[in-house]
Amino acid sequence: MTDATAVESRLSTTDPRVVRAIELVWREAELLDRKDYVAWNELFADDGLYIIPIDPETEDFANSLNMVYDDARMRQMRVTRMIEGYAIAAVDAARTARTVSRFVPESVSDDEVVLRSAQIIIAYKRGRHDIWAGDLVHRIRLSESGADRIVQKVVRLVDSEDAVPAAGFLL
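All residue numbers refer to positions counted from 1 along the written sequence of the respective chain. Predicted model: local features are reported for residues with pLDDT of at least 70 only, side-chain atom pairs are reported and counted for 80 or more only, and whole-chain, interface and lining totals are derived from all residues. With hydrogens and water stripped out, all remaining heavy atoms of the structure feed into the side-chain values.

Re the pattern of salt bridges
Stage number 1. What counts as a salt bridge is simple: a side-chain nitrogen of Lys or Arg found within 4 Å of a carboxyl oxygen of Asp or Glu. For the coordinates displayed, the defined rule picks out 15 salt bridges.
Stage number 2. Residues Arg-34 and Asp-36 are paired through a salt bridge, measuring 3.1 Å at the closest nitrogen-oxygen approach.
Stage number 3. Under the relative-accessibility criterion, Arg-34 is labelled partly exposed at 47%.
Stage number 4. Each of Arg-27, Glu-30, Arg-34 and Asp-36 takes part in a single network of salt bridges with overlapping partners. When accessible area is computed with a 1.4 Å probe and restricted to protein chains, residues below 20% of their type maximum are described as buried, those above 50% as exposed, and intermediate ones as partly exposed.

Overview of helix 2 (residues 16–33)
Stage number 1. Secondary structure counts use DSSP, requiring at least four H or I residues in a row for a helix and at least two E residues in a row for a strand, with both numbered from the N terminus. Helices are assigned an expected span. That span is 1.5 Å times one less than the residue count. End to end, helix 2 covers 26 Å across 18 residues, agreeing with the expected 26 Å (1.5 Å per residue, within 8%).
Stage number 2. Residues Val-18, Ala-21, Ile-22, Leu-24, Val-25, Glu-28, Ala-29, Leu-31 and Leu-32 constitute the buried set of helix 2.
Stage number 3. Here, two residues are considered to be in contact whenever any of their heavy atoms come within 4.5 Å of each other. Buried residues along helix 2 sit in contact with helix 3 (37–42), strand 1 (44–53), strand 3 (95–108), strand 4 (112–125), strand 5 (128–141) and strand 6 (149–157).
Stage number 4. Positive phi shows up at Lys-35, right after helix 2, with a value of about 60°.

What follows is the structure, encoded as structure tokens:
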């Protein structure tokens, strides 16, 4: 067995740490579909980042063009716009149903899980359905108390290099 194979065999979706991370990602999806943006924001660590890059290959998010690059302050401002109804997108926001699946653990330790997955969002607004698809990477900080937090969420939309319409919801 090669070193890479040995590492892959240890990275299982049945590992209790990975299960906790998956459950947090599912909880996040449910909160977003309910438009409970305040509770969604509370899932993030204080130093957490929410990122939607344009370049599907970039890892240098701070020095790349992004659709979204939100730290705690920017996430809070975005949430405020979404819940106060001042943004036109928030007033007439689409109803969404999202599925997050195809979980693949990238790294697992007692302190952190990095988890890749795929997300499909069906958004319904004014008699029209839109489909949003993307690959996700969640970096989740595990806590002994069970209050696990998202340290980084990266949403790589499959059509990120094309013209992407404005969304009246969070991805």
